[in-house]
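# Breakdown of the fold
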Amino acid sequence: MLKKKLAVRTSRQRAASRKRAPMFPYTQPVSRQVLEKLVAGTTDLRDRAIVLFLIDTGARGSELVLLDRDMINVGTGVLGGEFKFAATGTLPIAKSNRRRNFYITARALEALNLYLESREDTNPALFATRSGERMRTEQVRKLLYVWCERLGIERFPAHDFRRSLAESLLGTSSFYIIAFVLGYSLSKCAIRVIFPMSPRYEEHSEQRSQ
């Protein structure tokens, strides 16, 4: 009987059964105060530019290391009536063949320019190692951990930059803008951002944890 049931399941049904369920309880991402402490204490030009870029864009480490210098387009504007940006660009979406737009503030652009002006290598990569090679994802994670340790900040996953951006947008921007900035479809944005960060989700999380 069991074999018969498995045999009639479609490929779509099998894929749906493998989807990861939301995690309970929901945990808050790193606070903006902690991120500002990290920015203030990071004195290395490259590392400070990386931190500010991650704060503004919510880029994954695997996306950040694929960026080149010529992918930054200077131009001011306002996104969603709230977020004032000084430059834009596109970056590849991890685990996808699509790209998404990113927007950075004047503060991040200034830090990026200072870093690029200090470089002596000719590598087209936006962020490079001291020897002039394109950075790798694990190197981005490591430098974040090093600065957290130096500044007495509890380590947090690099993905928290993305979650913190989503939380800040949630209070000021439309559902569409949040999905657009993070590179999500509307349905995935609802599952990954809107539902987990809503009061109803937190109430449900508390009930599940009791």
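Residues numbered from 1 in each chain as written. Predicted model: local features only at pLDDT ≥ 70, side-chain atom pairs only at ≥ 80, totals over all residues. Heavy atoms only, no water.

## Here we look at the confidence of the model for the protein chain
Close inspection of predicted coordinates is inappropriate in any region flagged by low pLDDT. This is how it is decided: The quantity called pLDDT is the predictor's confidence in a given residue, expressed from 0 to 100. By definition in these notes, contact holds between two residues if any of their heavy atoms fall within 4.5 Å.
Averaged over the protein chain, the pLDDT score is 79; the fraction of residues at 70 or greater is 68%. In the model, residues 1-7 has pLDDT below 50 throughout and makes zero contacts with residues more than four positions away in sequence or in other chains. The low-confidence segment residues 200-210, where pLDDT is below 50, has 14 contacts with residues more than four positions distant or belonging to other chains.

## Here's the deal with the nonpolar core
Basically, it comes down to this: The term nonpolar core refers to a set of buried residues drawn from Ala, Val, Leu, Ile, Met, Phe, Trp, Tyr and Cys, joined through side-chain atoms within 4.5 Å. Any residue under 20% of the maximum accessible area for its type is buried, any over 50% is exposed, and the rest in between are partly exposed; the area is computed with a 1.4 Å probe on protein chains only. Numbering of helices and strands starts at the N terminus; helices are DSSP runs of H or I of at least 4 residues and strands are runs of E of at least 2.
Counting 38 residues, the largest nonpolar core has Phe53, Phe127 and Phe161 as its most contacted members. When residues of this core are traced back to their parent elements, those giving at least two are α3 (32-41), α4 (45-57), β2 (83-92), β3 (99-104), α6 (106-118) and α7 (137-150). No other element matches α4, which puts seven residues into this core. Look past the residues within four positions of Phe53 in its chain and what remains in contact with it is Gly58, Ala59, Leu64, Leu67, Ile72, Phe102, Ile104, Leu126 and Phe127.

## Re the side chain of Asn123
With respect to the helices and strands, Asn123 occurs in the loop between α6 and α7. With a relative accessible area of 17%, Asn123 lands in the buried category. In this structure, Asn123 is in contact with Arg69, Gly132, Glu133 and Arg134, ignoring residues within four places of it in sequence.

## Here's the deal with the packing of α4 against α6
So the rule is basically this: Helix axes are fitted to C-alpha atoms over the stretch in contact, other axes to C-alpha atoms as well, and angles between N-to-C directions run from 0 to 180 degrees. Roughly parallel means an angle under 35 degrees; roughly antiparallel means over 145; roughly perpendicular covers 65 to 115; every other angle is labelled oblique. Here is the rule for handedness: rotate from the far helix to the near one, and if that takes an anticlockwise turn smaller than a right angle the crossing is left-handed, while a clockwise turn gives right-handed.
It is at 8 Å that the axes of α4 and α6 come closest, and there the two elements cross at 150 degrees. If you check the angle between α4 and α6, you find them roughly antiparallel. The interaxial crossing formed by α4 with α6 has left-handed handedness. Of the residues in α6, those touching α4 at Leu45, Arg46, Arg48, Ala49, Leu52 and Asp56 are Arg107, Ala108, Ala111, Leu112, Leu114, Tyr115 and Ser118.

## Thoughts on the packing of aromatic side chains
The line we're drawing: We call Phe, Tyr and Trp rings a pair once their centres come within 6.5 Å, taking the six-membered ring for Trp, and we label the pair stacked below 30 degrees between planes, edge-to-face above 60, and tilted otherwise.
Tallied over the full model, the rule gives five aromatic pairs. Where Phe53 meets Phe102, the ring centres are 5.2 Å apart and the plane angle is 65 degrees; that geometry is what we call edge-to-face. Remark: Phe102 occurs in strand β3 and Phe53 occurs in helix α4; sequence separation between them is 49 residues. Neither residue differs from the other here; Phe53 and Phe102 are each classed as buried. On the numbers, 4.9 Å between centres and 55 degrees between planes, the contact of Phe85 with Tyr103 is tilted. Taken together, the residues Phe85 in strand β2 and Tyr103 in strand β3 connect sequence positions 18 residues apart. In this structure, Phe85 and Tyr103 share a single accessibility class: buried.

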